[in-house]
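Below, each chain spelled out in residue letters.
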Amino acid sequence: SKASVILYERPIKFEEVDAANIVFFARFLGYAHEAMEHFFSVLEGGYAGLIVARRIGLPAVHVEMKFSAPVRYGDALRIETTAARVGSRSATLRYRMIRASDGALSAEVTHTVVTTDLVALRSCAMPDDVRATFLAHLQPDS
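Residues numbered from 1 in each chain as written. Predicted model: local features only at pLDDT ≥ 70, side-chain atom pairs only at ≥ 80, totals over all residues. Heavy atoms only, no water.

Peer 1: Looking at this structure, how should I read the sheet that holds strand S8 (residues 122-123)?
Peer 2: Taking strand neighbours across the sheet as the criterion, the three strands line up as S2-S7-S8 in an open arrangement whose pairing is antiparallel. Among the strands making up the open sheet, the edge pair consists of strand S2 (56-57) and S8. (Pairing = 2+ DSSP bridges. Helix = DSSP H or I, 4+ residues; strand = E, 2+ residues; numbered from the N terminus.)

Listed below in structure tokens is the structure:
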């Protein structure tokens, strides 16, 4: 059975488009991070609790982006988030960013993160609740 997909929808803001009235490519990384924060909203205290209270971070170590359709001001992105891989200290998230107006795939982002002790700034063992969240949404073959 397919693992569940976490859905996050956000409108495109005026400030996010360039002179061509399309979303500037670098903004998609920000959208990916917003979707990741939403992905971890199931944790006690959410993503902020992980970072601020527990001092565990998930910094990016590798990102790949592929673009297939522009998004404009006045539209919205529907972001489908899944886990593509879960290791002992790292994991890869996959984001499918869909243009809400017509369902076209706008961008795909894969984002590898490493569980990090934010005090020591060193990788650390992945907390059980973080691992469980990744595993609940693992779709390695898609």
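Next comes the rest of the write-up.
Peer 1: I'm lost on helix H2 (residues 46-53) in this one. Help?
Peer 2: Note: α-helices contain 3.6 residues per turn, so residues at a spacing of three or four share the same orientation. Inspection of H2 places Gly-46, Tyr-47, Gly-49 and Leu-50 among the buried residues, and these make up the whole buried set. Of the surrounding secondary structure, the elements contacted by the buried residues of H2 are helix H1 (27-39), S2 and helix H3 (128-136). Positive phi shows up at Arg-55, right after H2, with a value of about 60 degrees. (Buried < 20%, exposed > 50% of the residue type's maximum accessible area, 1.4 Å probe, protein only. Contact = heavy atoms within 4.5 Å.)

Peer 1: Honestly, the pattern of salt bridges in this entry has me stumped. Any pointers?
Peer 2: As a working rule, side chains carrying opposite charge can pair if their charged atoms are close by. For the structure on display, the rule yields five salt bridges. A salt bridge links Asp-129 to Arg-54, with the shortest nitrogen-to-oxygen separation between them at 2.8 Å. Remark: Arg-54 occurs in the loop between H2 and S2 and Asp-129 occurs in helix H3; sequence separation between them is 75 residues. Overall, Asp-129 belongs to the partly exposed group, its relative accessible area being 27%. Of the charged contacts, one joins Asp-102 and Arg-99 as a salt bridge, the two residues approaching to 2.7 Å between their closest N and O atoms. Overlapping salt bridges, with partners in common, bring together Arg-10, Glu-16 and Glu-34 in one network. (Salt bridge = Lys/Arg side-chain N within 4 Å of Asp/Glu carboxyl O.)

Peer 1: I would appreciate a short explanation of the pairing of strand S5 (residues 90-99) in the present structure.
Peer 2: Looking along a regular strand, one sees the side chains alternate between the two faces of the sheet. The buried fraction of S5 is high, at nine of ten residues. Two strands pair when backbone bridges link them, and strand S4 (residues 76-86) and S5 are joined in this way by nine bridges, in the antiparallel orientation. Looking across to S5, one finds that Ile-79 is bridged to Met-97. Remark: three residues form the turn of the hairpin made by S4 and S5, two consecutive strands paired antiparallel. Between S5 and the antiparallel strand that follows it, strand S6 (residues 105-114), lie five residues; Gly-103 among them carries a positive phi value of about 80 degrees.

Peer 1: Just to check I follow, could you spell out H1 for this structure?
Peer 2: Between the first and last C-alpha of H1 there are 18 Å, a value that for 13 residues agrees with the 18 Å anticipated at 1.5 Å per step. Buried within H1 are the following residues: Phe-28, Tyr-31, Ala-32, Ala-35, Met-36 and Phe-39. Along H1, the residues classed as buried sweep out an arc of 145 degrees about the axis, all on the same side. (Expected span 1.5 Å × (residues − 1). Arc of directions from axis to C-beta.)

Peer 1: Explain the side chain of Arg-10 here, please?
Peer 2: Considering the arrangement of structural elements, one finds Arg-10 in strand S1 (residues 6-11). Given a relative accessible area of 3%, Arg-10 falls into the buried group. Once you skip the residues sitting within four places of it in the chain, Arg-10 turns out to touch Glu-16, Tyr-31, Glu-34, Ala-76 and Leu-77.

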